[in-house]
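The residues making up each chain are set out below.
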Amino acid sequence: MSHPPLARRRQHLNALAASAVLLTLLPSLQGCSSDGAQPGPEVSDTPALTASINQFRDNYNKRIIEIQLTNNTPNPVTVLDAELDSALFSSGISWHTPADGTVLPPKQPKSLPAHLPEPRCIDGSIGTGTGSSSGDAPPTVRVSTRPDGHVSGPLTVEDPFGVLARNNSEMCLDKAVREVAAFQPSPELAVSDDGTTAVVRVLILPGPARGRQEVLTIDRIDGTTLIAEDTAQPWPSGVQVSAGGPPVELRLAIRPARCDPHAVAEDKIGTLLPFHVRAGGRNGVLKIDTGDVLRHRIYDFVTAACGPASRS
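Draft legend 1. Inspection of the side chain of Gln 68 at higher detail. Locating Gln 68 in the fold gives a position in strand S2 (residues 64-71). Ignoring sequence-local partners within four residues, the contact set of Gln 68 consists of Thr 50, Ala 51, Ser 52, Asn 54, Lys 110 and Ser 111.

What follows is the structure, encoded as structure tokens:
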């Protein structure tokens, strides 16, 4: 076998070595600008944490919302505290950690439940779904993280479902109603002899008169996902209650609104009675909680009235 001359072999080895050096330097050469300046490190447009607001159906009447934080980093982040500021409420909306904090996994959201404080209501505004003013500034949240208690924020908070405005509207309406009267559902449920209908009684107790005419108007009452009006005994409408006046009792004849097997098992808000009301210059839907005892009696009534259909 013939071999190339020694000089040619040396030239070939030198060319390979030069190629290796060029490949090693290529990344740094690509990062150089034409004037020789070195660019800075790449900066991501995505913040380490992002925040949004939501509310679970079974927390509607408990005035609990969810501060949802998403960790956009590749590493877990431990959250110690979070406080949401909104112009719609009188103070911060706070979530406080368990002893060891709450870990946010990478690239995943986590919900932190927080109780709403008193709403900030604008006198004379009409609550038609948006309630009082939404405020000039968008809501923000500050988040304290471990290990050093570093505070991130304020972070702008997304509220895609209008949770803060809806709760402000409902809470301000509730406050206006309570200036006139209080709702007191009876824990008793009067079931008909044939078991197909029942009567819920709601007592409305007016507060004292304050020197000016204060009137609560109940325009109508809606059914729920669980119970409906017995059409043979229509529900009252156009009811007026005056501060300082006599108590008013409403008798609501109900029947099951649905009889599928999941009606009771998956119920969250089926025993919150929606009253369309007006008071103190506001109007909207006031959801009256029937309380634990009556709620379970309604569940038993619906299950029995539906018969085998509710248990199949």
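Still to come is the rest of the account.
Draft legend 2. Focus on the pattern of salt bridges. Applying the stated criterion to the full structure yields twelve salt bridges. Residue Glu 179 pairs with Arg 210 through a salt bridge whose shortest N-O separation is 3.9 Å. Here Glu 179, found in the loop between helix H2 (163-178) and strand S9 (181-191), pairs with Arg 210, found in the loop between strand S10 (198-206) and strand S11 (215-221); they are 31 residues apart in sequence, far enough to count as distant. Residue classification places Arg 210 among the partly exposed residues on the basis of a relative accessible area of 41%. A salt bridge links Glu 214 to Arg 210; its shortest N-O distance comes to 3.6 Å.

Draft legend 3. A look at the environment of Lys 107. Tracing the sequence through the fold places Lys 107 in the loop between strand S5 (102-104) and strand S6 (109-115). For Lys 107, a relative accessible area of 57% puts it in the exposed group. Within polar-contact distance, the side chain of Lys 107 engages the backbone oxygen of Asn 72 at 2.6 Å.

Draft legend 4. Looking closely at the state of the cysteines. Within the structure shown, the criterion is met by two disulfides. Sulfur-sulfur distance for the disulfide between Cys 259 and Cys 306 comes to 1.9 Å. With the S-S bond torsion at -75°, the cross-link from Cys 259 to Cys 306 turns out left-handed. Placement of the pair is Cys 259 in the loop between strand S14 (248-256) and helix H3 (262-265) and Cys 306 in helix H4 (residues 292-306), with a sequence separation of 47 residues. The exposure class of Cys 259 is partly exposed, given its relative accessible area of 32%. Once the disulfide-bonded cysteines of the protein chain are ranked by sequence position, their pairing pattern turns out to be 1-2, 3-4.

Draft legend 5. Representation of the nonpolar core in the model. Phe 183, Leu 216 and Phe 275 are the most contacted members of the largest nonpolar core, which totals 36 residues. At six residues, the largest contribution of residues to this core is made by H4. When neighbours within four sequence positions are excluded, Leu 216 is seen to be in contact with Val 177, Val 180, Ala 181, Phe 183, Ile 204, Val 239, Gln 240, Val 241, Val 277, Arg 278 and Ala 279. Formed by 24 residues, the second largest nonpolar core is a distinct cluster that contains Ala 51, Ile 67, Phe 89 and Leu 104.

Draft legend 6. Inspection of the sheet that holds S14 at higher detail. Reading across from one edge, S9-S10-S14-S12 is the order of the four strands in this open sheet, with antiparallel pairing throughout. A strand with exactly one partner marks an edge of an open sheet, and here the two such strands are S9 and strand S12 (227-229). Each strand of the sheet is rotated relative to its neighbour by a mean of 40°, with strand direction disregarded. The sheet contact formed by S9 and S10 spans eight bridges and is antiparallel.

Scoring rules and cut-offs
Residues numbered from 1 in each chain as written. Predicted model: local features only at pLDDT ≥ 70, side-chain atom pairs only at ≥ 80, totals over all residues. Heavy atoms only, no water. Helix = DSSP H or I, 4+ residues; strand = E, 2+ residues; numbered from the N terminus. Contact = heavy atoms within 4.5 Å. Salt bridge = Lys/Arg side-chain N within 4 Å of Asp/Glu carboxyl O. Buried < 20%, exposed > 50% of the residue type's maximum accessible area, 1.4 Å probe, protein only. Polar contact = N/O pair within 3.5 Å; in protein donor to acceptor, adjacent residues only side chain to side chain. Disulfide = S-S within 2.5 Å. Core = buried A, V, L, I, M, F, W, Y, C linked by side-chain atoms within 4.5 Å. Pairing = 2+ DSSP bridges. Axes fitted to C-alpha atoms, helices over the stretch in contact; angles between N-to-C directions.

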